[in-house]
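Secondary and tertiary structure notes
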Amino acid sequence: DQKEKRDFGFECGCSPGDFILTNQSGTYDRRDGVKDEDTYKLLEEAFVVMNFNSSVVKSIKGIVASVLHLGNIAFVEKFDGSSEISSDSNISLKNAANILGVSSLALITALTRQTI
């Protein structure tokens, strides 16, 4: 539904080809006649059959969505050898941060600062 797409940063009409983690194999384009919408409905039904409550289902979907968005974040090396997030990655960064419930700044810090 539209709310779920908005919650997980997919309101742009994204497809598997828009995500680095799903477009590398070149096999995301179904050729077997199976519709992803039908498979998704089966997944939803399986969650119900397995007695997953709605908050667990939302968490699972959020993890998958955040991983897809995180995979689209590109890094650039700075002159001092450290890295920063490429400005081309701002939408993916924002979506991942929103899904994970953290600020974009906190996510940038976690992704670019080395800590021991």
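Presented here is an overview of the structure given in this document. Quick caveat: nothing in here was measured; it's all calculated off a predicted structure. (Residues numbered from 1 in each chain as written. Predicted model: local features only at pLDDT ≥ 70, side-chain atom pairs only at ≥ 80, totals over all residues. Heavy atoms only, no water.)

Describing the pattern of salt bridges
Pairs can form between side chains of opposite charge once their charged atoms are near each other. Under the criterion given, the structure shown has three salt bridges. With a closest N to O distance of 2.7 Å, Lys3 and Asp7 form a salt bridge. Placement of the pair is Lys3 and Asp7 together in helix H1 (residues 2-7), with a separation of four residues, close to one helical turn. A relative accessible area of 29% means that Asp7 is categorised as partly exposed. As a salt-bridge pair, Lys61 and Glu4 come within 2.8 Å of each other at their nearest N and O atoms. (Salt bridge = Lys/Arg side-chain N within 4 Å of Asp/Glu carboxyl O. Helix = DSSP H or I, 4+ residues; strand = E, 2+ residues; numbered from the N terminus. Buried < 20%, exposed > 50% of the residue type's maximum accessible area, 1.4 Å probe, protein only.)

Concerning the packing of helix H4 (residues 54-71) against helix H5 (residues 90-100)
When two helices pack together, their arrangement is given by the angle between their axes and by how far apart the axes lie. At a closest axis distance of 8 Å, the pairing of H4 and H5 adopts a crossing angle of 155°. Here H4 lies roughly antiparallel to H5, going by the angle between them. For the element pair H4 and H5, the recorded crossing hand is left-handed. Of the residues in H5, those in contact with Gly62, Ala65, Ser66, His69 and Leu70 of H4 are Ser92, Asn95, Ala96, Ile99 and Leu100. Of the residues belonging to the contact of H4 with H5, the class tally is five nonpolar, five polar and no charged. (Axes fitted to C-alpha atoms, helices over the stretch in contact; angles between N-to-C directions. Parallel < 35°, antiparallel > 145°, perpendicular 65-115°, else oblique. Left-handed = near helix turned anticlockwise from the far one by under 90°. Contact = heavy atoms within 4.5 Å. Nonpolar A, V, L, I, M, F, W, Y, C, P; charged D, E, K, R; others polar.)

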